[in-house]
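If you want the building blocks of each chain, they are given just below.
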Amino acid sequence: MADTNDNDSGSTDDLLGGLDIESTADIQVPEDLIDQVIGQEHAVEVVKKAATQRRHVMMLGTPGTGKSMLAKAMADLLPKEELQDVLVYNNPEDNNTPKIRVVPAGKGKEIVDAHKLEARKRMQARNMFIMIFVFGIIIYSLYTGTLIWGIIAAVLIFMVMRQFMPKEEAYIPKLLVSNAGKEKAAYVDATGAHAGSLLGDVRHDPFQSGGLETPAHDRVEGGAIHKAHKGVLFIDEINTLGLESQQNLLTALQEKEFSITGQSERSSGAMVKTEPVPCDFTMVTAGNLDALRGMHPALRSRIKGYGYEVYMSDTIPDNVDNRQKLVRFVAQEVIRDGKIPHFDSSATKEIILEARRRAGRKGHLTLKLRDLGGLVRVAGDIAHSENADMTLAEHVLKAKSIARSVEQQLADQYLERRKDYKMFEQEGSQVGRVNGLAVMGSDSGIMLPIMAEVTPAQSSSEGRIIATGMLKKIAREAVDNVSALIKKVSGSDTRSMDVHIQFIGTYEGVEGDSASISIATAVLSAFENIPVDQSVAMTGSLSVRGDVLPVGGVTYKIEAAAQAGIKTVIIPRSNMGDVMIEDEYKDKIEIVPVSNITEVLDKSLIGPEKKKLIKTIKKSYAFPKLNLGLTDNIPGSSVPAPQ
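Some details on the overall build of the chain
For the chain, the count of helices and strands is 20 helices and 25 strands. A buried classification covers 49% of the 643 residues belonging to the chain. A separation of at least 24 residues holds for 75% of the contacts in the chain among residues at least 6 apart in sequence. By element, 51% of the accessible surface of the chain is carried by carbon and sulfur atoms, the whole surface being about 30,200 Å².

See the structure below:
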């Protein structure tokens with residue numbers, strides 16, 4: 001069971017928020033999808049207003065917080081207007097400009113069926129006429145003694161009449177959009193759709209003449225914008241759409257109708273363009289914050305001017321009401337899955353403890369419910385495989401060890417590899433070497449050894465700060481602040497020396513700022529020739545006055561240090577409330593909270609010389625800026641680490 005800290009929101013004894021239940025089967029799950037959304041009260045309120053007024057909505061935030069669920073719920077909330085069918089007809093005046101007709105829902109199929117019946121009658125009448133005519137020729141040739149020539153003539157006439165008589169298919173309209181039997185507005189997910197799928201397309205016809213061609217109207221295919229007519233069009237990661245597609249989408253939003261044409265210049269469909277097809281949809285877009293950078297400015301302006309922008313929360317306060325909501329969430333996931341047993345109270349408590357742990361903030365619960373739902377399903381699968389009547393706490397604990405993210409598995413491999421090759425030390429002392437900590441993705445800690453060395457300057461004019469480890473641009477610029485640190489603490493001129501800083505094993509690059517105290521410690525150790533205790537690891541950022549500031553992922557970093565055999569971890573004091581390490585690590589590692597750099601040096605440096613250094617730093621009226629912008633994350637995942 002995860003370690004929990006008592007806080008204002010209650011203890012572990014009240015994890016169910018006061019609910020007295022035997023299992024999640026006792027929980028009443030709301031019928032309406034909008035009422036099943038957990039922890040996004042502001043977004044729910046916006047969606048309800050937007051649905052009433054048919055406004056567009058853009059939702060931004062962390063993946064798995066309920067954006068697609070809200071979009072589906074919005075389709076249920078839209079006003080129950082009269083749904084419509086859309087038909088496309090052949091245009092006898094211009095075959096490449098098919099006609100469009102809009103009829104009430106359900107009428108489209110009736111019209112198509114009626115046309116098919118009429119076409120079948122005409123085809124039967126035509127075939128009967130041809131057969132009578134052909135047999136007449138054969139009988140006449142039989143009486144005149146020219147049977148062979150009569151048969152040849154009959155075959156030729158039959159082929160000519162079949163070729164040039166009008167085709168009945170040309171008179172049958174195509175049902176482009178059908179809402180027959182539907183009572184609710186359509187919900188169309190167009191995420192990742194290419195232009196043809198989004199905007200409609202006209203299929204290529206390899207037989208474009210000779211009577212074998214397919215009528216143009218029969219090759220027209222409706223796009224997602226047309227199928228969402230009177231409903232909701234949902235597009236996740238809107239910035240992945242090409243700018244041309246976004247521009248066409250903007251036109252469809254403005255005009256509420258959009259003609260369908262072939263999307264490929266090499267296709268015969270490029271010659272076809274229908275009359276405008278109605279597409280009066282409500283658009284819901286979603287994405288991370290970076291979606292704004294790749295979004296067409298005019299499209300965003302349209303949504304902002306005629307709708308709402310919502311930022312999704314990724315945590316909620318850890319209080320009684322929200323715990324009850326998470327209990328309901330577990331019940332919802334069990335019912336939605338339909339293949340796993342309900343969770344008893346002990347298993348539900350474990351899920352809520354994990355929600356605390358994954359929040360990464362004291363007094364909060366995570367709202368990354370898609371990932372949490374994955375844990376629910378894995379635990380349920382384990383219970384099902386054991387033929388258990390209910391999912392128990394032991395099943396959840398097993399699931400936590402099985403359902404590890406790719407980043408966690410990769411971090412474990414990195415740790416084992418670095419142990420094998422002695423890429424970090426666990427005991428003894430070394431000058432200029434510090435065991436830093438980082439996170440990979442958002443839920444995996446990793447050891448980050450950092451080394452520093454001071455050498456005579458290669459240039460006669462000035463010394464340099466030389467940092468290696470595939471540092472990102474901001475990190476490379478910020479690491480120059482180390483020279484200010486040396487000047488401030490030592491009072492020496494740094495122009496005669498170079499400072500080398502190396503991040504060991506960072507093959508994927510370095511970013512973030514939680515390595516600031518590690519770099520400062522390594523540089524000061526190298527400059528003053530004071531050893532660093534290698535049984536200590538650390539993480540934290542620094543202010544301009546030497547205060548140690550909070551960072552993200554402390555729980556995962558501490559666990560990574562414990563796995564690596566480290567005895568002591570230094571973390572920012574303000575992060576202590578965020579620590580929720582598993583029971584197996586509690587007795588393996590000592591957690592030392594610190595508030596400033598002098599406390600870091602006092603705990604990590606070894607030898608009498610450290611007291612002189614600490615005294616010098618304390619005399620400084622202001623500590624140099626060490627917010628170096630260095631690693632809080634080893635890339636290898638698309639999910640950035642918290643800062």
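Regarding the packing of aromatic side chains
Evaluation of the coordinates by the stated rule reveals one aromatic pair. Aromatic pair Tyr187 and Phe234: ring centres 6.2 Å apart, planes at 25°, arrangement stacked. With Tyr187 in strand β5 (residues 187–189) and Phe234 in strand β8 (residues 232–236), this pair connects stretches of sequence that are 47 residues apart. For Phe234, a relative accessible area of 2% puts it in the buried group. Directly above the ring of Tyr306 sits Arg302, whose terminal nitrogen or CZ lies 4.1 Å from the centroid.

Some thoughts on the pattern of salt bridges
Applying the stated criterion across every chain, the model contains 25 salt bridges. The residue Glu41 makes a salt bridge to Lys325 at a minimum N-O spacing of 2.4 Å. Placement of Glu41 in helix α1 (residues 41–53) and of Lys325 in helix α9 (residues 320–337) is noted, with a sequence separation of 284 residues between them. Looking at Glu41, the relative accessible area reads 43%, which means it is partly exposed. Lys325 sits in the partly exposed class, given a relative accessible area of 23%. Note that Asp602 is salt-bridged to Lys610, the shortest N-O span being 3.7 Å.

Brief notes about the sheet that holds strand β1 (residues 56–60)
Judged by pairing direction, the sheet is parallel, and its five strands sit side by side in the order β5-β8-β11-β1-β12 without closing on themselves. The open sheet is flanked by β5 and β12 (307–311), the only strands paired with a single partner. If you compare each strand with its neighbour and ignore which way they point, the axes differ by 15° on average. Direction of pairing for β1 relative to β12: parallel, over a ladder of five bridges. Following the sheet pairing, His56 is matched in β12 by Gly307. α1 rests against β1 and β12 of the sheet, and its axis sits at about 165° to β12.

Details of the nonpolar core
Of all hydrophobic cores here, the largest spans 36 residues; its most connected members are Ile450, Ile501, Ile570, Val600 and Leu601. Of the residues forming this core, the biggest block, seven residues, is contributed by helix α16 (residues 516–528). Leu601 has contacts with Thr521, Leu524, Lys610, Leu613, Ile614 and Ile617, leaving out every residue within four places of it along the chain. With 30 residues, the next largest nonpolar core counts Ile27, Leu353, Ala355 and Leu372 among its residues.

Some details on the sheet that holds strand β24 (residues 568–572)
Backbone hydrogen bonds hold the strands of a sheet together, and the pairing may be parallel or antiparallel. Taken in spatial order, the seven strands of this open sheet run β18-β19-β17-β16-β21-β24-β25, and their pairing is mixed. In the strand order of this sheet, the two ends are held by β18 (465–468) and β25 (590–594), each with one partner. Pairwise comparison of adjacent strand axes, ignoring direction, gives a mean angle of 30° for this sheet. In the sheet, strand β16 (residues 433–440) pairs with strand β17 (residues 444–456) via eight bridges, with the strands oriented antiparallel. Bridge pairing in β17 places Val434 opposite Ile450.

What about the packing of α9 against helix α10 (residues 345–359)?
Relative to each other, α9 and α10 sit at 120°, their axes nearing to 10 Å. By the angle between their axes, α9 is oblique relative to α10. As for how α9 packs across α10, the hand of that crossing is right-handed. For the pair α9 and α10, contact is made by Arg323, Leu326, Val327 and Val330 and by Thr348, Ile351, Ile352, Ala355 and Arg356, respectively. A class-by-class count of the residues in the contact of α9 with α10 yields six nonpolar, one polar and two charged.

Quick word on the side chain of His226
Looking at where His226 falls in the secondary structure, it is placed in helix α6 (residues 224–227). When its relative accessible area of 0% is taken as the criterion, His226 is described as buried. Those residues in contact with His226, other than ones at most four positions away along the chain, are Val177, Leu199, Gly200, Phe258, Ile260, Val277, Pro278 and Cys279.

Considering the environment of Ile151
Tracing the backbone shows Ile151 in helix α4 (residues 147–164). Each C-alpha atom, one on Ile151 and one on Ser141, is 7.9 Å from the other, the two residues being 10 residues apart in sequence.

Things to note about the side chain of Ser245
Checked against the element boundaries, Ser245 lands in helix α7 (residues 243–255). Residue Ser245 is classed as buried on the basis of its relative accessible area, which comes to 12%. Dropping the residues within four chain positions of it, Ser245 is found in contact with Ala195 and Leu198.

Some details on helix α19 (residues 597–604)
Within the span of α19, buried status applies to Ile597, Thr598, Val600, Leu601 and Ser604. Buried residues in α19, looked at end-on, bunch into an arc of 160°, giving them a common side.

Quick word on empty space enclosed by the protein
Considering all chains together, one arrives at two cavities of 30 Å³ or more under this definition. Its volume calculated, the second largest cavity comes out at about 40 Å³. If you trace the second largest cavity, you find it lined by Arg54, Pro79, Lys80, Glu81, Leu83, Lys184, Ala185 and Lys230. Residue classes in the lining of the second largest cavity are distributed as three nonpolar, no polar and five charged.

A short note on the confidence of the model for the chain
Close reading of the predicted structure is inappropriate where its pLDDT is low. The pLDDT averaged across the chain works out to 83; a share of 83% of its residues lies at or above 70. Least confident of the elements in the chain is helix α14 (residues 473–478), whose mean pLDDT is 52; most confident is strand β9 (residues 257–258), at 96. Low pLDDT, under 50, characterises residues 1–11; the stretch is placed with 33 contacts to residues that sit more than four places away or in other chains. Segment residues 621–631: pLDDT under 50, and 64 contacts once partners within four positions in sequence are set aside and those in other chains are kept.

Cut-offs used in this document
Residues numbered from 1 in each chain as written. Predicted model: local features only at pLDDT ≥ 70, side-chain atom pairs only at ≥ 80, totals over all residues. Heavy atoms only, no water. Helix = DSSP H or I, 4+ residues; strand = E, 2+ residues; numbered from the N terminus. Buried < 20%, exposed > 50% of the residue type's maximum accessible area, 1.4 Å probe, protein only. Contact = heavy atoms within 4.5 Å. Areas by Shrake-Rupley, 256 points an atom, 1.4 Å probe, with all protein chains shown as cover. Phe/Tyr/Trp six-rings, centres within 6.5 Å; stacked < 30°, edge-to-face > 60°. Lys NZ or Arg CZ within 6 Å of the ring centre and 35° of its normal. Salt bridge = Lys/Arg side-chain N within 4 Å of Asp/Glu carboxyl O. Pairing = 2+ DSSP bridges. Axes fitted to C-alpha atoms, helices over the stretch in contact; angles between N-to-C directions. Core = buried A, V, L, I, M, F, W, Y, C linked by side-chain atoms within 4.5 Å. Parallel < 35°, antiparallel > 145°, perpendicular 65-115°, else oblique. Left-handed = near helix turned anticlockwise from the far one by under 90°. Nonpolar A, V, L, I, M, F, W, Y, C, P; charged D, E, K, R; others polar. Arc of directions from axis to C-beta. 1 Å grid on protein atoms, 1.4 Å probe; cavity = no way out; pocket = protein on both sides within 12 Å on 5 of 7 lines; lining within 4 Å. Points joined across faces, edges and corners; volume = space filled by probe spheres on them. pLDDT = per-residue confidence, 0-100.

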